Number of protein chains: 4
Amino acid sequence: MKLSNDETRQIAEARSHEFSTRRATVPALEDILYTARPVLDHGFVRVVDYMGDDTSVVQAARVSYGRGTKQVTDDRNLIRYLLRHSHTTPFEMAEIKLHVKLPIFVARQWIRHRTASVNEYSARYSILDKEFYVPERSNLAAQSSTNRQGREGVLDADEADRVLTILRRDAETAYSDYLDMLNLDENDNVLSEDRSGLARELARMNLSLNFYTQWYWKIDLHNFINFLRLRADPHAQYEIRAYAEVLLEIFRAWCPISYEAFLEYKLHSTVLSRSAIAVLKKALRGERVTREDSGLSKREWDELNNQFQLG
Amino acid sequence: MKLSNDETRQIAEARSHEFSTRRATVPALEDILYTARPVLDHGFVRVVDYMGDDTSVVQAARVSYGRGTKQVTDDRNLIRYLLRHSHTTPFEMAEIKLHVKLPIFVARQWIRHRTASVNEYSARYSILDKEFYVPERSNLAAQSSTNRQGREGVLDADEADRVLTILRRDAETAYSDYLDMLNLDENDNVLSEDRSGLARELARMNLSLNFYTQWYWKIDLHNFINFLRLRADPHAQYEIRAYAEVLLEIFRAWCPISYEAFLEYKLHSTVLSRSAIAVLKKALRGERVTREDSGLSKREWDELNNQFQLG
Amino acid sequence: MKLSNDETRQIAEARSHEFSTRRATVPALEDILYTARPVLDHGFVRVVDYMGDDTSVVQAARVSYGRGTKQVTDDRNLIRYLLRHSHTTPFEMAEIKLHVKLPIFVARQWIRHRTASVNEYSARYSILDKEFYVPERSNLAAQSSTNRQGREGVLDADEADRVLTILRRDAETAYSDYLDMLNLDENDNVLSEDRSGLARELARMNLSLNFYTQWYWKIDLHNFINFLRLRADPHAQYEIRAYAEVLLEIFRAWCPISYEAFLEYKLHSTVLSRSAIAVLKKALRGERVTREDSGLSKREWDELNNQFQLG
Amino acid sequence: MKLSNDETRQIAEARSHEFSTRRATVPALEDILYTARPVLDHGFVRVVDYMGDDTSVVQAARVSYGRGTKQVTDDRNLIRYLLRHSHTTPFEMAEIKLHVKLPIFVARQWIRHRTASVNEYSARYSILDKEFYVPERSNLAAQSSTNRQGREGVLDADEADRVLTILRRDAETAYSDYLDMLNLDENDNVLSEDRSGLARELARMNLSLNFYTQWYWKIDLHNFINFLRLRADPHAQYEIRAYAEVLLEIFRAWCPISYEAFLEYKLHSTVLSRSAIAVLKKALRGERVTREDSGLSKREWDELNNQFQLG
């Protein structure tokens, strides 16, 4: 990731101001506010604003407790209780806003989370920069032969070379033809006075899905948690997971108690079906369990067995 | 509105802390942060947190403008342009959180706005206070005989007396029977050791819809504007309008440029239908317009005529 | 529940028409379409429209499968796979619309599910009927002394008598005073020509939370499942659970395969935290487990132990 | 648009079944159910399911009218009244489901409407077909020199040739390299046993934004109306407008009364700001109006003048 001089100056300018506030404030987030954290080859994530912290969750939950109740529960226990029992509304009371630069194919997965606010850079209005994603060799996964959605090992060196050459060459061509259709050279000067240039909203269709876009993305903590539960999961595509990893670090700086509860009750938890519960109970009583008696499908049995070593 | 000693102390405590932040900060909101602004006889509205201001709207809108565009538009013009053309997403980028105390029948209207986050005081867990709404005489509207939804003048003094007596008496009875079923006296002491007391989640059903509840309510500026467009409108019921009036003042302190644009383009604007446009054009050309030729219904014609004095 | 003659006639009328359609059609729902299923003392649930069935879920999921994939999975396995792995969007593709009559305090819980469409009977426009909920003796739960939210046993006969007398008397009073303020007798005739009658939107505030309201409620299958997971749970208040029970039966008639998967993977499943997984693994290996080593809170340990008899 | 043999057979199969239902049924939609209506060069729109019709809107609105009201308003007047006064909830009671094939850059605009349900063809799982959008010459708009977002005339013949050549060539290259990286030939046979093939989820990033994707899209009538108000507007990009035009025809077949009201009160209506109202009033009184006195910006004044010929 390389920021333009303009971007660098704007970030420094934004960071140079300090205000006095009575609002809940998180020093660990203030420290990194506005700065760009690199992701993939040209992407980044920046925290640009936030509202509330762990205490906002607690405060909202405690609206419920009035006359006739005693407040024995401390904040940490309360937050863990709420997350464990899917009392989700208090987690909606904290909010974060990020500036994200990401490849379009990642943006297409990301946007499926509808419970967020988004303002995206518009290629109808503006000209996209020449920035496209090319994976590291170690991330050039081979298609799994057994699982449609999966990756299986990485390409060997020769095939990797070939793929990287193609990706770079096609993106270069797409971009230079994009500029050509816009009747612009690389410095945004008009190429030929005899041509009018294709409308930006049309020319952009020639760019490929690995080109970078950017947006402002604002979400509350509850929906942030849902996003991370899905996108920080090992089954998520590597490229969006790379962003989720950075969001996890931001989460930890922002709301450390909720973060810890998230790891315990969401990210590293598991759901047992009714039949799986029965299998485990039986095994714990020392009885023999078999897939045939379990009511589980082959795949469910394998997953359960794999996790709990039923033997 | 009378705050309890506890509440007064908590507000003072919250206001006593000052933090340093790099976030957008609104001094006019900081001034009133956490303080309770009275509404109706026992209600209030308190701003308890916020994120962003007018510049957040501008900043989000400008993500769209990159290479190849010139930024000639100043902030005020941009905000007015966005609101006028229903570019709503930049207005989602600012957020506010309020603590509101309000009668249950008002809460039932309010909650129909689904695009907000809410944590309500729970009468399943807790005991409701003895606070119920009784209108001022000047707000004791008579049922309109022509419009189901309307009010028509106010009750005369005798009928008003009668109504106020009923409302107070029935609410008093409902509350004392609520406590009785809970097996509690007014100081929350157990009445009789021989009784167990009805579950709180059941006893509450005896309370009437003018009892007060309270909640934390968090919403973004775009949806805040939608709320105000509907609830600050003269057709809204007086009681929810009383809250909307206070929200308007908060809006003005928080985002003065957006507020001014809201008055111009939303609250005091009007929508002309295709047929109404045709009528006005004709009238402006000096031609005679009649309801018969207009394609408007009687009611539409009357509204248009009333607004523009078509003669 | 007693339907008025009008309602009975309208239902019969609606049921008397048969149309020809190419849409997915569920005979088991057609059989009960429009009919009212009683809930509590005056409530009901009626299915008034629906779109799609189990095959709609399958069809939507299979949009994903195109060239290069083989469709070996049968419908049942696919639906179970989707629900198990929280692939929720295919379940949004079926929709149901219900007409529900329910006490206001139940409606206030119900409406917190924001991802549904609602049109409620308006007491601003119309006059509410004299119908209020009074629990059966067996549901007159006592307040738990240990758990704020809980019920604990039922009231004894004397206390139950006293509570039922209060609930009936106060609701009767509230209603007759409601009519009085409206200047109406029980047949909706004007009581006195000398009074104008309080506006309906105000008079309604005198009614208590056990009065019945009604609404049309439309929701997709994914959000219907979320609603049921929370409201058919034993921790939900009895009164809303009574509605959830009826919705479960409707679910079974509508989408039997999804229903069965819902029981297995949602309603009767359990979530194991990271620490609980570690405890169970240890126990399955035959090692001794104790609360002290587990990292679990007292309450978590008790729940886990209670479910799996760790000894 | 050319359907595959498979698709044609599936549509015929779906259309061959007729069921008996008590639900509201729209013969004009049944006539076209499942059939594909072409859009652009390879796209289509198919209605695959629906729930309700104009009477569903009326029925929901009338839940509000109970005791003490008279039903004098006929259906058409009621629907027009509701749409005119932004009573939106009754329009949420009808629902439609479409199968849409569309270029990815159009899909990226479309998905910004968050209040719909979507299941998209997954290029993580599956192989995309070789279908990409190339505009007609008459739609090869030139970039406006005054308005960033606008088109201005069309390209002349030479420049059009050049653009079309580029678009076709780059898309051809992108697709053949896509297959190559997947280690597949055009018949999906493995190219070389020595290579493993890049994971599908990665190879797709080489495709450009004019490639076609497809999805199931389900939305209620209220949000359908919002979508059309924005996307059938002349300011929308031509390519998404082409889809909106087809949706308008479907709307007319589905709910003709709501459609007519939509044209009158939404699509062909105009919003007058507070200042614009004042200007028109003045002009109607025969007074002279000028931009200077009006409080309108230059652009607002031009728009108003343009529409109403203020002279």
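Residues numbered from 1 in each chain as written. Chains lettered and ligands numbered in written order. Predicted model: local features only at pLDDT ≥ 70, side-chain atom pairs only at ≥ 80, totals over all residues. Heavy atoms only, no water.

### Focus on the overall build of chain A
For step 1, the next point in the chain: For chain A, the count of helices and strands is 13 helices and nine strands.
For step 2, the next point in the chain: For chain A, whose C-alpha radius of gyration is 25 Å, the value lies well above the compact-globule estimate of 19 Å for 311 residues.
For step 3, the next point in the chain: Considered along the principal axes of its C-alpha atoms, chain A spans approximately 85 × 60 × 30 Å.
For step 4, the next point in the chain: Each of the 311 residues in chain A was classed as buried or not, and the buried ones make up 58%.
For step 5, the next point in the chain: Roughly 12600 Å² of accessible area belongs to chain A as shown, and the carbon and sulfur atoms make up 46% of that amount.
For step 6, the next point in the chain: Here chain A contributes 43 positive and 46 negative side-chain charges, whose respective centroids are spaced 8 Å apart. (Helix = DSSP H or I, 4+ residues; strand = E, 2+ residues; numbered from the N terminus. Rg over C-alpha atoms; globule rule 2.2 N^0.38 Å. Buried < 20%, exposed > 50% of the residue type's maximum accessible area, 1.4 Å probe, protein only. Areas by Shrake-Rupley, 256 points an atom, 1.4 Å probe, with all protein chains shown as cover. Lys, Arg positive; Asp, Glu negative; His and termini not counted. Charge placed at Lys NZ, Arg CZ, Asp CG, Glu CD.)

### Regarding the interface of chain C and chain D
For step 1, the next point in the chain: Taken residue by residue, the interface counts 59 residues in chain C and 60 residues in chain D.
For step 2, the next point in the chain: With both chains or domains summed, chain C and chain D bury close to 5400 Å², and 45% of this area falls on carbon and sulfur atoms.
For step 3, the next point in the chain: One salt bridge connects R22(D) with E18(C), and the closest N-O pair in it is separated by 3.8 Å.
For step 4, the next point in the chain: Residue composition of the side of chain C that touches chain D, grouped by class: 22 nonpolar, 18 polar and 19 charged.
For step 5, the next point in the chain: For strand β1 (residues 19-21) of chain C and strand β1 (residues 19-21) of chain D, the ladder comprises three bridges, and the chain directions are antiparallel. Counted as the bridge partner of S20(C) is S20(D) from β1(D). (Contact = heavy atoms within 4.5 Å. Buried area = accessible area lost by both parts, 1.4 Å probe. Salt bridge = Lys/Arg side-chain N within 4 Å of Asp/Glu carboxyl O. Nonpolar A, V, L, I, M, F, W, Y, C, P; charged D, E, K, R; others polar. Pairing = 2+ DSSP bridges.)

### Looking at the pattern of salt bridges
For step 1, the next point in the chain: Here the structure, examined in full by the defined rule, presents 100 salt bridges over all chains.
For step 2, the next point in the chain: Close ionic contact of R62(A) with D75(A) constitutes a salt bridge, the shortest N to O distance being 3.2 Å. In this pair, R62(A) is assigned in helix α3 (residues 54-62) and D75(A) in helix α4 (residues 75-84), connecting sequence segments 13 residues apart.
For step 3, the next point in the chain: One salt bridge connects E287(B) with R285(B), and the closest N-O pair in it is separated by 2.8 Å.

### Let's talk about the interface of chain B and chain D
For step 1, the next point in the chain: With 33 residues of chain B at the interface, the matching set in chain D holds 33 residues.
For step 2, the next point in the chain: Of the roughly 3300 Å² buried between chain B and chain D, counting both surfaces, carbon and sulfur atoms make up 51%.
For step 3, the next point in the chain: Note that E300(B) is salt-bridged to R84(D), the shortest N-O span being 3.8 Å.
For step 4, the next point in the chain: Here chain B and chain D share 14 residue pairs in polar contact (both at pLDDT 80 or more) between them.
For step 5, the next point in the chain: Of all the elements in the fold, those that place two or more residues in the side of chain B that touches chain D are α4 (75-84), α10 (256-267), β9 (270-272), α11 (274-284) and α13 (298-308) of chain B.
For step 6, the next point in the chain: Here the side of chain B that touches chain D takes seven residues from α11(B), the largest share from any one element.
For step 7, the next point in the chain: Direction of pairing for β9(B) relative to strand β9 (residues 270-272) of chain D: antiparallel, over a ladder of three bridges. From the neighbouring strand, T270(B) faces β9(D), where its bridge partner is L272(D). (Polar contact = N/O pair within 3.5 Å; in protein donor to acceptor, adjacent residues only side chain to side chain.)

### Quick look at the relation of the copies chain B and chain D
For step 1, the next point in the chain: Under the fitted operation, chain B is carried onto chain D by 0.0 Å of movement along the axis and a turn of 180°, and the coordinates agree to an RMSD of 0.1 Å. Taken together, the rotation and translation relating the two chain copies correspond to the operation of a two-fold axis. Measuring from the rotation axis to each C-alpha of chain B, the shortest distance belongs to V271(B), at 2.2 Å.
For step 2, the next point in the chain: Here 100% of the interface residues in chain B have copies in chain D that are interface residues too; the copies meet face to matching face. (Least-squares fit on C-alpha atoms with pLDDT ≥ 70 in both.)

### Notes on the UniProt feature "active site" (unreviewed entry) in chain A
Residue and element names in this part refer to chain A.
For step 1, the next point in the chain: Mapped onto this numbering, the UniProt entry annotates "active site" (unreviewed entry) at R231.
For step 2, the next point in the chain: The class for R231 is buried, based on a relative accessible area of 16%.
For step 3, the next point in the chain: Sequence-distant contacts of R231, defined by excluding residues within four places in its chain, comprise Q109, H113, A236, I240, R241 and A244. (UniProt positions renumbered as here; feature names shortened; annotations may be inferred.)

### Let's talk about the UniProt feature "binding site: dUMP" (unreviewed entry) in chain A
Residues and elements named next belong to chain A.
For step 1, the next point in the chain: Feature annotation in UniProt places "binding site: dUMP" (unreviewed entry) on Q109, W110, I111, R112, E120, Y121, S122, A123, R124, R204 and R231, given in this structure's numbering. Over a stretch of 123 residues, the named residues are scattered through the fold, their C-alpha atoms separated by up to 29.0 Å.
For step 2, the next point in the chain: Secondary-structure assignment places A123 in the loop between β5 (117-120) and β6 (141-143).
For step 3, the next point in the chain: Among all residues touching A123, those that are not within four sequence positions of it are L128, R200, E201 and R204.

### Points about the relation of the copies chain C and chain D
For step 1, the next point in the chain: With an RMSD of 0.0 Å, the operation that places chain C on chain D is a rotation of 180° combined with a shift of 0.0 Å along the axis.
For step 2, the next point in the chain: Comparing contact sets, 100% of the residues at the interface of chain C also lie at the interface in chain D, consistent with an isologous, same-surface contact.

### Some details on the sheet that holds strand β4 (residues 95-103) of chain A
Residue and element names in this part refer to chain A.
For step 1, the next point in the chain: Read across the open sheet, the five strands follow the order β2-β3-β4-β8-β5; overall the sheet is antiparallel. A strand with exactly one partner marks an edge of an open sheet, and here the two such strands are β2 (36-39) and β5. Within this sheet the neighbouring strands show an average axis-to-axis angle of 25°, counted without direction.
For step 2, the next point in the chain: Bridge count between strand β3 (residues 43-51) and β4: seven bridges; the pairing is antiparallel. In the strand pairing of β4, Y50 is matched with I96.
For step 3, the next point in the chain: Relative to strand β8 (residues 212-220), helix α8 (residues 221-231) is tilted by about 125°, and along the sheet it contacts β4 and β8. (Axes fitted to C-alpha atoms, helices over the stretch in contact; angles between N-to-C directions.)

### Focus: the environment of P256(D)
For step 1, the next point in the chain: Tracing the backbone shows P256(D) in helix α10 (residues 256-267).
For step 2, the next point in the chain: Residues in contact with P256(D), not counting those within four places in the same chain, are D54(D) and F251(D).

### Observations regarding the side chain of D49(D)
For step 1, the next point in the chain: Considering the arrangement of structural elements, one finds D49(D) in strand β3 (residues 43-51).
For step 2, the next point in the chain: Buried and unpaired, D49(D) has no salt bridge, with K97(D) as the nearest side chain of opposite charge at 4.5 Å.
For step 3, the next point in the chain: Here D49(D) is in contact with R23(C), M51(C), G52(C), L33(D), I96(D) and K97(D), once residues within four sequence places are set aside.

### Quick word on the sheet that holds strand β5 (residues 117-120) of chain C
All names here are of chain C.
For step 1, the next point in the chain: Strand order in the open sheet formed by five strands is β2-β3-β4-β8-β5, with antiparallel pairing between adjacent strands. Bordering the open sheet on either side are β2 (36-39) and β5, each of which pairs with just one other strand. Each neighbouring strand pair of the sheet contributes to a mean axis angle of 25°, computed without reference to strand direction.
For step 2, the next point in the chain: Looking at chain direction, β5 and strand β8 (residues 212-220) are connected through four bridges and run antiparallel. When the bridges of β8 are listed, N119 appears paired with Y216.

### Notes on the pairing of strand β2 (residues 36-39) of chain B
For step 1, the next point in the chain: As paired strands, β2(B) and strand β3 (residues 43-51) of chain B are joined by four bridges and run antiparallel to one another. From the neighbouring strand, A36(B) faces β3(B), where its bridge partner is R46(B).

### Let's talk about the domain arrangement of chain A
For step 1, the next point in the chain: Taken domain by domain, chain A comprises domain 1 (5-133 + 210-267), domain 2 (137-207) and domain 3 (274-308).
For step 2, the next point in the chain: Taking only C-alpha atoms into account, the centre of domain 2 of chain A sits 48 Å from that of domain 3 of chain A. (Domains from an automatic or database assignment.)

### Things to note about the environment of Y81(B)
For step 1, the next point in the chain: Positionally, Y81(B) belongs in helix α4.
For step 2, the next point in the chain: For Y81(B), a relative accessible area of 21% translates into the label partly exposed.
For step 3, the next point in the chain: Each C-alpha atom of the pair Y81(B) and M205(B) lies 49 Å from the other, and the pair is 124 residues apart in sequence.
For step 4, the next point in the chain: Setting aside anything within four residues of it in sequence, one finds Y81(B) in contact with H87(B) and R299(D).

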